[in-house]
Amino acid sequence: MGKYKEYVLGFAFSRNGKEVVLIEKQKPDWQKGKINGIGGKIEADDVNQLHAMIREFREETGVDTSSEQWNEFGCMTFENDITGVPCKIYLFRMFDDCIHECFTNESEEIIKVNSDTVLDVYNCMHNLPILIPLALSKEFKYTELKD
(Lines give C-alpha, C1' and ligand atoms only; values in the text may rest on other atoms or scores of the structure.)
Protein backbone atom coordinates (compact mmCIF):
# COMPACT_ATOMS: atom_id res chain seq x y z
CA MET A 1 0.00 0.00 0.00
CA GLY A 2 2.89 2.42 0.52
CA LYS A 3 2.48 5.80 2.11
CA TYR A 4 -1.15 6.27 1.09
CA LYS A 5 -4.41 5.24 2.73
CA GLU A 6 -6.40 3.77 -0.13
CA TYR A 7 -10.14 4.00 -0.74
CA VAL A 8 -12.68 3.23 -3.46
CA LEU A 9 -15.62 5.40 -4.47
CA GLY A 10 -18.27 4.15 -6.89
CA PHE A 11 -21.17 5.62 -8.81
CA ALA A 12 -23.76 3.06 -9.90
CA PHE A 13 -26.12 4.39 -12.55
CA SER A 14 -29.14 2.85 -14.20
CA ARG A 15 -28.37 1.53 -17.69
CA ASN A 16 -29.70 4.78 -19.23
CA GLY A 17 -27.79 6.94 -16.71
CA LYS A 18 -30.95 8.65 -15.39
CA GLU A 19 -30.67 7.32 -11.82
CA VAL A 20 -27.70 6.95 -9.49
CA VAL A 21 -27.28 5.08 -6.20
CA LEU A 22 -25.77 7.21 -3.43
CA ILE A 23 -25.41 7.01 0.33
CA GLU A 24 -26.17 9.46 3.12
CA LYS A 25 -22.99 9.38 5.19
CA GLN A 26 -23.03 9.08 8.99
CA LYS A 27 -19.29 8.62 9.39
CA PRO A 28 -16.69 9.97 9.45
CA ASP A 29 -17.98 13.09 11.22
CA TRP A 30 -16.83 15.49 8.51
CA GLN A 31 -19.10 13.69 5.99
CA LYS A 32 -22.08 13.24 8.32
CA GLY A 33 -25.39 14.14 6.66
CA LYS A 34 -23.85 14.52 3.21
CA ILE A 35 -24.57 12.46 0.12
CA ASN A 36 -21.69 10.57 -1.47
CA GLY A 37 -20.97 7.67 -3.78
CA ILE A 38 -20.68 4.13 -2.45
CA GLY A 39 -17.28 3.10 -1.15
CA GLY A 40 -14.81 2.83 1.65
CA LYS A 41 -11.34 1.79 2.70
CA ILE A 42 -9.43 -0.88 0.81
CA GLU A 43 -8.91 -3.72 3.29
CA ALA A 44 -5.81 -5.91 3.64
CA ASP A 45 -7.65 -8.95 2.28
CA ASP A 46 -8.90 -7.15 -0.85
CA VAL A 47 -7.05 -8.49 -3.89
CA ASN A 48 -7.12 -5.07 -5.60
CA GLN A 49 -9.18 -1.89 -5.76
CA LEU A 50 -11.81 -3.48 -8.03
CA HIS A 51 -12.33 -6.26 -5.48
CA ALA A 52 -12.70 -3.60 -2.77
CA MET A 53 -15.34 -1.77 -4.86
CA ILE A 54 -17.36 -4.96 -5.34
CA ARG A 55 -17.11 -5.76 -1.60
CA GLU A 56 -18.06 -2.25 -0.47
CA PHE A 57 -21.02 -2.11 -2.85
CA ARG A 58 -22.32 -5.46 -1.56
CA GLU A 59 -21.83 -4.44 2.08
CA GLU A 60 -23.60 -1.10 1.70
CA THR A 61 -26.36 -1.92 -0.83
CA GLY A 62 -26.92 -5.67 -0.41
CA VAL A 63 -26.32 -6.23 -4.15
CA ASP A 64 -23.66 -8.52 -5.61
CA THR A 65 -21.88 -7.16 -8.67
CA SER A 66 -19.07 -8.46 -10.84
CA SER A 67 -15.82 -7.09 -12.18
CA GLU A 68 -17.38 -6.85 -15.66
CA GLN A 69 -19.97 -4.34 -14.42
CA TRP A 70 -17.50 -1.83 -12.95
CA ASN A 71 -15.16 0.50 -14.83
CA GLU A 72 -12.38 2.44 -13.10
CA PHE A 73 -12.52 5.99 -14.46
CA GLY A 74 -10.04 7.85 -12.29
CA CYS A 75 -7.97 8.24 -9.17
CA MET A 76 -7.80 11.17 -6.78
CA THR A 77 -4.57 11.62 -4.84
CA PHE A 78 -4.32 13.88 -1.81
CA GLU A 79 -0.98 14.48 -0.13
CA ASN A 80 -2.88 15.70 2.93
CA ASP A 81 -6.52 14.65 3.18
CA ILE A 82 -8.87 16.04 5.80
CA THR A 83 -7.49 13.58 8.38
CA GLY A 84 -3.94 14.80 7.75
CA VAL A 85 -2.56 11.75 5.95
CA PRO A 86 -1.93 11.08 2.24
CA CYS A 87 -4.68 9.12 0.49
CA LYS A 88 -5.70 7.74 -2.89
CA ILE A 89 -9.31 7.29 -3.90
CA TYR A 90 -9.94 5.01 -6.87
CA LEU A 91 -13.07 6.04 -8.79
CA PHE A 92 -15.47 3.51 -10.33
CA ARG A 93 -18.68 3.66 -12.34
CA MET A 94 -21.29 1.16 -13.43
CA PHE A 95 -24.29 1.39 -15.76
CA ASP A 96 -26.65 -1.45 -14.86
CA ASP A 97 -30.29 -1.78 -13.87
CA CYS A 98 -29.29 -3.97 -10.91
CA ILE A 99 -29.32 -0.67 -9.01
CA HIS A 100 -33.08 -1.10 -8.61
CA GLU A 101 -32.33 -3.99 -6.23
CA CYS A 102 -30.23 -1.81 -3.87
CA PHE A 103 -31.41 -1.28 -0.32
CA THR A 104 -30.06 0.14 2.92
CA ASN A 105 -27.95 -2.73 4.27
CA GLU A 106 -26.00 -0.89 6.99
CA SER A 107 -26.56 2.17 9.18
CA GLU A 108 -26.14 4.65 6.33
CA GLU A 109 -29.19 5.17 4.09
CA ILE A 110 -28.98 4.18 0.42
CA ILE A 111 -30.88 6.46 -1.96
CA LYS A 112 -31.65 6.15 -5.68
CA VAL A 113 -31.99 9.59 -7.19
CA ASN A 114 -32.27 11.39 -10.50
CA SER A 115 -28.72 11.90 -11.73
CA ASP A 116 -29.66 15.24 -13.36
CA THR A 117 -31.04 16.90 -10.23
CA VAL A 118 -29.17 15.24 -7.34
CA LEU A 119 -26.75 18.16 -7.01
CA ASP A 120 -29.64 20.65 -6.71
CA VAL A 121 -31.72 18.65 -4.23
CA TYR A 122 -29.28 17.06 -1.78
CA ASN A 123 -26.48 18.17 0.54
CA CYS A 124 -23.68 16.53 -1.46
CA MET A 125 -19.98 16.09 -0.81
CA HIS A 126 -18.07 19.03 -2.29
CA ASN A 127 -16.56 17.01 -5.17
CA LEU A 128 -19.77 15.41 -6.49
CA PRO A 129 -20.50 18.31 -8.90
CA ILE A 130 -17.31 17.23 -10.70
CA LEU A 131 -17.38 13.46 -10.16
CA ILE A 132 -20.98 12.66 -11.17
CA PRO A 133 -20.78 14.37 -14.60
CA LEU A 134 -17.35 12.81 -15.14
CA ALA A 135 -18.69 9.35 -14.29
CA LEU A 136 -21.73 9.86 -16.54
CA SER A 137 -19.57 10.65 -19.55
CA LYS A 138 -19.25 7.23 -21.17
CA GLU A 139 -16.79 8.69 -23.69
CA PHE A 140 -14.48 9.67 -20.84
CA LYS A 141 -11.86 7.00 -20.16
CA TYR A 142 -9.59 7.84 -17.20
CA THR A 143 -8.04 10.73 -15.28
CA GLU A 144 -5.86 11.36 -12.27
CA LEU A 145 -6.84 14.22 -9.98
CA LYS A 146 -4.29 15.57 -7.51
CA ASP A 147 -4.50 18.21 -4.80
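All figures in this text were calculated on a predicted structure; none of them were measured in a lab. (Residues numbered from 1 in each chain as written. Predicted model: local features only at pLDDT ≥ 70, side-chain atom pairs only at ≥ 80, totals over all residues. Heavy atoms only, no water.)

Points about the side chain of lysine 25
Point 1. In this structure, lysine 25 sits in the loop between strand 2 (19–24) and strand 3 (35–36).
Point 2. For lysine 25, a relative accessible area of 11% gives the class buried. (Helix = DSSP H or I, 4+ residues; strand = E, 2+ residues; numbered from the N terminus. Buried < 20%, exposed > 50% of the residue type's maximum accessible area, 1.4 Å probe, protein only.)

Focus: the pairing of strand 2
In regular strands, side chains alternate between the two faces of the sheet.
Point 1. As defined by bridge partners, strand 1 (residues 5–13) adjoins strand 2 across two bridges and the pair is classed as antiparallel. Pairing of alanine 12 across the sheet is with valine 21, part of strand 2.
Point 2. Linking strand 1 back to strand 2 in an antiparallel pair, the connection comprises five residues, with glycine 17 at a positive phi of about 80°.
Point 3. Two strands pair when backbone bridges link them, and strand 2 and strand 3 are joined in this way by two bridges, in the antiparallel orientation. Looking at strand 3, one finds that glutamate 24 is bridged to isoleucine 35. (Pairing = 2+ DSSP bridges.)

Some thoughts on the environment of glycine 74
Point 1. Along the chain, the position of glycine 74 falls in strand 5 (residues 71–78).
Point 2. For glycine 74, a relative accessible area of 0% translates into the label buried.
Point 3. Sequence separation between glycine 74 and lysine 141 is 67 residues; the distance between their C-alpha atoms is 8.1 Å.

Comments concerning the pattern of salt bridges
Point 1. For the structure on display, the rule yields seven salt bridges.
Point 2. A salt bridge links arginine 55 to aspartate 46; the shortest N-O distance between them is 2.8 Å. Each member of the pair, arginine 55 as well as aspartate 46, is classed as buried.
Point 3. Judged by relative accessible area, arginine 55 falls into the buried class, the value being 9%.
Point 4. Through salt bridges with shared partners, a single network forms among Asp46, Arg55, Glu56 and Glu59. (Salt bridge = Lys/Arg side-chain N within 4 Å of Asp/Glu carboxyl O.)

Here's the deal with the environment of threonine 77
Point 1. Inspection of the secondary structure puts threonine 77 in strand 5.
Point 2. Sequence separation between threonine 77 and tyrosine 122 is 45 residues, and the spatial gap between their C-alpha atoms is 25 Å.

Examining unusual backbone geometry
Glycine aside, a negative phi is what most residues show, and trans is what most peptide bonds show.
Point 1. A cis amide bond links lysine 27 to the next residue, proline 28, at an omega of -10°.
Point 2. Summarising the element assignment, proline 28 is placed in the loop between strand 2 and strand 3.

Observations regarding helix 1 (residues 49–61)
Point 1. In a regular helix each residue adds 1.5 Å, so 13 residues correspond to 18 Å; helix 1 covers 18 Å between its end C-alpha atoms and thus fits that length.
Point 2. Those residues of helix 1 that fall on the buried side of the exposure criterion are Ala52, Met53, Ile54, Arg55, Glu56, Phe57, Glu60 and Thr61.
Point 3. Tucked inside the fold, the buried residues of helix 1 contact strand 1, strand 2, strand 4 (38–41), strand 6 (87–95) and strand 7 (110–114).
Point 4. The backbone nitrogen of leucine 50 has a side-chain oxygen 3.1 Å away, supplied by the residue at the start of helix 1, namely asparagine 48. (Expected span 1.5 Å × (residues − 1). Contact = heavy atoms within 4.5 Å. Polar contact = N/O pair within 3.5 Å; in protein donor to acceptor, adjacent residues only side chain to side chain.)

A short note on the packing of aromatic side chains
Point 1. Tallied over the entire structure, the rule returns two aromatic pairs.
Point 2. Judged by centre distance (5.2 Å) and plane angle (75°), the rings of phenylalanine 57 and tryptophan 70 are edge-to-face. Separated by 13 residues along the polypeptide, phenylalanine 57 in helix 1 and tryptophan 70 in the loop between helix 1 and strand 5 bring together distant segments of the chain.
Point 3. Under the relative-accessibility criterion, phenylalanine 57 is labelled buried at 0%.
Point 4. Accessibility expressed as a relative area gives 6% for tryptophan 70, which makes it buried.
Point 5. Seen from the ring of tyrosine 4, lysine 88 lies directly overhead, with NZ or CZ sitting 5.0 Å from the centre. (Phe/Tyr/Trp six-rings, centres within 6.5 Å; stacked < 30°, edge-to-face > 60°. Lys NZ or Arg CZ within 6 Å of the ring centre and 35° of its normal.)

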